[in-house]
Amino acid sequence: MIEFRPRFTAASLICVIILVGSSLKAESAVGVNWGTLSFHKLKPSTVVDLLKINRVPKVKLFEADQGVLEALKGSGIQVMVGIPNEMLASLSASTVASDLWVRQNVSRYMVKGGVDIRYVAVGNEPFLSSYSGQYEPYVMPALLNVQQSLAKVNFAGYVKLVVPCNADAYESTLPSEGAFRPELTQIMTQLVSFLNSNGSPFVVNIYPFLSLYGNSDFPQDYAFFEGTTHPVTDGPNVYYNAFDGNLDTLVAALSKIGYGQMPIVIGEVGWPTDGAIGANLTAARAFNQGLINHVLSNKGTPLRPGIPPMDIYLFGLLDEGAKSILPGTFERHWGIFSFDGQAKYSLNLGLGNRRLKNAKNVQYLPSRWCVANPSTDLSKVTNHMKLACGAADCTTLNYGGSCNGIGAKGNISYAFNSYYQLQMQKAQSCDFDGLGMVTFLDPSVGECRFLVGVNDVSSSSFQPDCWWSIPWVLIMWGFWFFVM
């Protein structure tokens, strides 16, 4: 066995000590989640430049992607690195595994001029009710092993471990009655005790959009921050938005297990812009700007007046066209930027820039598109549509989406083009047995944008599992059959 020695120099140790001291004085900030489940990936260096020109101080990663971490070196951006749920079992079973993970993904980057890793997220929403407890046995053992591994390389005091939780971990009819789900009370008490003893915050993901999307009786204005005609009265407290109500439900749940003063970080929060009713640019801007203004005003909540969350991480930075659509076809459209780093709407992050700035030096494929050939009989297009949308992203065609009203031929063209761009505009990928043709005229209609891919060779090799697209294919197959 090769003995591992931490790569510390005197200079890097001094740097860490200075950073630790400064972190004690850190104020609340607006960060972003940087997900990478995209068919058309920007180069990591381009994304880091995008973060820097928009003065984003914190970024949350869902996994330790080597290319992303390399690009973040020397950026000064504070980083939360995620460990996927699928790794929890192995990390919980072996300190050798946790030592290796920390060595490869933390200590190798925590050098002078390296990456400022502040948090490691051990799992992501591992207590989600839909997981039926499959990850619960591994969370605490994995936490303890990773903490021990961090201690071996002298980072246990600087890099804080957290476990991002979904808001379904707690429940109540009124915020003051908030409590963790009964089956989670014991493990949540253990988890929060661990977090408290190590100076870590409780990280929670809150999505008012999902409350609105999943409940037709949910008051729409209560999801936003501009006042509501349906406030929630809870004893002496009145709630005018779902975010505060949800957050105070967590505060009450933490109080019930003895940790009512636990610092809270919002790990994910945002609003999608496409793919479903209510998911649009206007609503997304209203929600995100209202949220930012609300949090940065330091008003806090009725149960924590004057104490806003430590930080919030908007979900997300970029659209991710390869995400699972099982939760809903809006899942691929959470970005404040489109997949190519172009701002979707005006947004003041409260970080110095009054509006978002676009990514620079994006390398696009040539300006050409694949569309339905108007001189052919399109009656036998169904199987080709299944192929195109089974591989590429067609979710904007969904009811409520930005491309929903472009007609049957428009649907076909959109699907063909999505597949054509995914295949890096290879000539044969626009054939579809003669039903497709290449055009140099942009077929975009109104807000329905026919994309052109980015010229990143790594994206062409991305082949995600397609099992999750089967429900979408079946839905859209029925839709095309109806409209044709």
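Described below are features of the structure shown in this document. This one's a predicted model, so the numbers in the text were calculated from it and none came from an experiment.

Quick notes on the sheet that holds strand β12 (residues 264-269)
Here is step 1: Strand order in the open sheet made by the 9 strands is β5-β4-β3-β2-β1-β15-β12-β9-β6, with parallel pairing throughout. For this open sheet the edge positions go to β5 (160-162) and β6 (165-166), each flanked by a neighbour on one side alone.
Here is step 2: Relative to strand β3 (residues 78-83), strand β2 (residues 58-61) runs parallel, the two sharing 3 bridges. Within β3, the residue paired with V59 across the bridge is V79.

Description of the packing of helix α6 (residues 136-152) against helix α7 (residues 185-197)
Here is step 1: Their axes nearest at 10 Å, the elements α6 and α7 cross at an angle of 15°. What the angle tells us is that α6 and α7 run roughly parallel. Along this stretch, α6 crosses α7, giving a crossing that reads as left-handed. Side by side, α6 and α7 meet where E136, M140, L143, L144 and Q147 of the first sit next to I187, Q190, L191 and F194 of the second.
Here is step 2: Residue composition of the contact of α6 with α7, by class: 6 nonpolar, 2 polar and 1 charged.

Section: the packing of aromatic side chains
Here is step 1: As enumerated under the stated definition, the model contains 22 aromatic pairs in all.
Here is step 2: With a centroid separation of 6.4 Å and an interplanar angle of 75°, the aromatic rings of F224 and F287 are classed as edge-to-face. Residue F224 is found in the loop between α8 (208-214) and β10 (232-234), and its partner F287 is found in helix α10 (residues 281-296); the two are separated by 63 residues along the sequence.
Here is step 3: Overall, F287 belongs to the buried group, its relative accessible area being 0%.
Here is step 4: Ring geometry for Y414 against F450: centres 5.2 Å apart, planes inclined by 75°, an arrangement best described as edge-to-face. Within this pair, whereas Y414 is found in helix α12 (residues 407-422), its partner F450 is found in the loop between β17 (436-439) and α13 (457-460), the two being separated by 36 residues in sequence.
Here is step 5: Take Y414: its relative accessible area is 6%, and that puts it in the buried class.

About the criteria used
Residues numbered from 1 in each chain as written. Predicted model: local features only at pLDDT ≥ 70, side-chain atom pairs only at ≥ 80, totals over all residues. Heavy atoms only, no water. Pairing = 2+ DSSP bridges. Helix = DSSP H or I, 4+ residues; strand = E, 2+ residues; numbered from the N terminus. Axes fitted to C-alpha atoms, helices over the stretch in contact; angles between N-to-C directions. Parallel < 35°, antiparallel > 145°, perpendicular 65-115°, else oblique. Left-handed = near helix turned anticlockwise from the far one by under 90°. Contact = heavy atoms within 4.5 Å. Nonpolar A, V, L, I, M, F, W, Y, C, P; charged D, E, K, R; others polar. Phe/Tyr/Trp six-rings, centres within 6.5 Å; stacked < 30°, edge-to-face > 60°. Buried < 20%, exposed > 50% of the residue type's maximum accessible area, 1.4 Å probe, protein only.

Shape descriptors only; they carry no functional weight alone.
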